[in-house]
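In case you want the letters, here they are:
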Amino acid sequence: MKTHQPDERLVFVDLETAGSKPWRPIIQIAAIAVDCNLQELERFEAKIKFNEKFANPKSLRKASYSAQRWRTEGLPSKIVMKMFTELLRHHATVDQISASRNVFQVAQLVAHNGAFDGAFLSVWYDRAGKFLPASPRVLCTLQRAIWLFHEDKSLTPPPDFKLQTLCHYFGVTLRSSDAHDALNDVRATVELYRAMSRHIDDLSERRLLACG
């Protein structure tokens, strides 16, 4: 008899923003959807046009913002939201129950520092009066890393749990010059999650052998 893995997909997301507070504009968004085996299914990236008067200049410099590039490549927020919404609906595998007790499905988001990205996405959709078709519980690779170092006492924790630090620790390539670009960061987040998943599998095998 053949067995089938459940169609449990994850949508990794990364945002570049014009400040640290959720009312600031999102200026770039990238996402990679993966299947239950962490194989890539689809990717998405877009730069969003925004009003610079609502931006923190320091945050724009950190995000490697270029006014000329955003004028050329940037899209209106409504268009980007529609595209991102379609991606989420396409990879929606998490059951939710509506107020009328009907079951529907939403996407499962994953981000590094998920509370940050989740807050910005919520405000973005609320401001537009749209429904965000994703679980309100964003899985977080930063939190997963904290748990991993708690679970495996043989590991020496890194000095911090920033994405670039953890990537270096687990052998994932993310150069300083590539960081703070949403697509580069979301690619690295997927690879970091894969690396941590492999480590967890190895840890489980070692524990089984030790018990045997």
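See the structure shown above.
Keep in mind the model is a prediction, meaning the values are calculated, not measured.

## A word on the environment of His91
One can find His91 in the loop between helix 3 (77-90) and strand 4 (94-97). On the accessibility criterion, His91 (1% relative accessible area) is buried. Placed 42 residues apart in sequence, His91 and Pro133 show a C-alpha to C-alpha distance of 10.0 Å.

## A few points about the side chain of Asp152
Along the chain, Asp152 turns up in the loop between helix 5 (141-151) and helix 6 (163-169). What makes Asp152 buried here is its relative accessible area of 4%. A distance of 2.7 Å separates the side chain of Asp152 from the side chain of His199, its partner in a polar contact.

## Considerations on the sheet that holds strand 6 (residues 109-111)
The 5 strands are arranged 3-2-1-6-7 in an open sheet whose pairing can be described as mixed. With one partner strand each, in any of the chains shown, strand 3 (40-47) and strand 7 (139-140) form the two edges of the open sheet. Contacts from helix 3 reach strand 1 (10-17), strand 2 (26-34), strand 3 and strand 6 within the one sheet, and its direction differs from that of strand 3 by about 165 degrees.

## Section: a nonpolar patch on the surface
A surface patch of nonpolar side chains, amounting to about 220 Å² of accessible area, comprises Leu75, Ile79 and Met83. Within the secondary structure, Met83 is located in helix 3.

## What about a positive patch on the surface?
Together, Lys58, Arg61, Lys62 and Lys162 make up a region of like positive charge exposed at the surface. Position of Lys58 relative to the elements: it lies in helix 1 (residues 57-62). Exposure remark for Lys58: the relative accessible area of 62% places this residue in the exposed category.

## Observations concerning unusual backbone geometry
In this structure, Leu38 is a non-glycine residue whose phi angle is positive, near 65 degrees. In this structure Leu38 comes out as buried when scored by relative accessible area, which is 14%. One non-glycine residue, Arg101, adopts positive backbone phi at about 70 degrees. In this fold, Arg101 is placed in the loop between strand 4 and strand 5 (103-106).

## Side note on helix 5
Of the positions making up helix 5, those classed as buried are Thr141, Leu142, Ala145, Leu148 and Phe149. Seen from one end, helix 5 has its buried residues packed into an arc of 115 degrees, which puts them on one side.

## Regarding the pairing of strand 3
Pairing of strand 2 with strand 3, which is carried by 7 bridges, proceeds in the antiparallel orientation. Following the sheet pairing, Ala33 is matched in strand 3 by Glu42. Here strand 2 folds back onto strand 3, and the loop between the two strands holds 5 residues, one of which, Leu38, carries a positive phi near 65 degrees.

## A look at the pairing of strand 1
As a general feature of sheets, a regular strand has side chains that alternate between the two faces. Along strand 1, 8 of the 8 residues are buried, which leaves the element largely enclosed by surrounding structure. Neither face of strand 1 is open: one carries Leu10, Phe12, Asp14 and Glu16, the other Val11, Val13, Leu15 and Thr17, and all of them are buried. Alignment of strand 1 against strand 2, held across 8 bridges, turns out to be antiparallel. Its bridge partner being in strand 2, Glu16 is matched across the sheet by Gln28.

## Quick notes on the packing of aromatic side chains
Across all of its chains, the model carries 11 aromatic pairs by this definition. Seen in terms of ring centroids, Phe104 and Phe131 are 6.2 Å apart; in terms of plane orientation they differ by 65 degrees. Their pairing is edge-to-face. Separated by 27 residues along the polypeptide, Phe104 in strand 5 and Phe131 in the loop between helix 4 (114-128) and strand 7 bring together distant segments of the chain. Seen from their ring centres, Trp124 and Tyr125 are 5.5 Å apart, and the 80 degrees between their planes marks the pair as edge-to-face. Of the two residues examined, Trp124 and Tyr125, each falls in the buried class. Three or more aromatic residues link up through ring pairs in this structure, and these residues are Phe149, Phe161, Tyr169 and Phe170. If you follow Lys47 out to its NZ or CZ, it ends over the ring of Trp70, 5.8 Å from the centre.

## With respect to helix 4
Because each turn of an α-helix spans 3.6 residues, side chains separated by three or four positions end up pointing in the same direction. For helix 4, with 15 residues, the first-to-last C-alpha span of 21 Å sits near the 21 Å given by 1.5 Å per residue. Of all the positions in helix 4, only Gly114, Asp117, Gly118, Phe120, Leu121, Trp124 and Tyr125 are classed as buried. The arc that holds every buried residue of helix 4, seen down its axis, measures 165 degrees, which confines them to one face. Turned more than 90 degrees away from the buried face of helix 4 sit Ala115, Asp126 and Arg127, all of them exposed. Buried residues in helix 4 make contact with strand 1, strand 2, helix 3, strand 6 and strand 7.

What counts, and at which threshold
Residues numbered from 1 in each chain as written. Predicted model: local features only at pLDDT ≥ 70, side-chain atom pairs only at ≥ 80, totals over all residues. Heavy atoms only, no water. Helix = DSSP H or I, 4+ residues; strand = E, 2+ residues; numbered from the N terminus. Buried < 20%, exposed > 50% of the residue type's maximum accessible area, 1.4 Å probe, protein only. Polar contact = N/O pair within 3.5 Å; in protein donor to acceptor, adjacent residues only side chain to side chain. Pairing = 2+ DSSP bridges. Contact = heavy atoms within 4.5 Å. Axes fitted to C-alpha atoms, helices over the stretch in contact; angles between N-to-C directions. Patch = residues over 30% accessible without salt bridge, like charges linked within 9 Å, V, L, I, M, F, W, Y side chains within 5 Å. Areas by Shrake-Rupley, 256 points an atom, 1.4 Å probe, with all protein chains shown as cover. Salt bridge = Lys/Arg side-chain N within 4 Å of Asp/Glu carboxyl O. Lys, Arg positive; Asp, Glu negative; His and termini not counted. Charge placed at Lys NZ, Arg CZ, Asp CG, Glu CD. Arc of directions from axis to C-beta. Phe/Tyr/Trp six-rings, centres within 6.5 Å; stacked < 30°, edge-to-face > 60°. Lys NZ or Arg CZ within 6 Å of the ring centre and 35° of its normal. Expected span 1.5 Å × (residues − 1).

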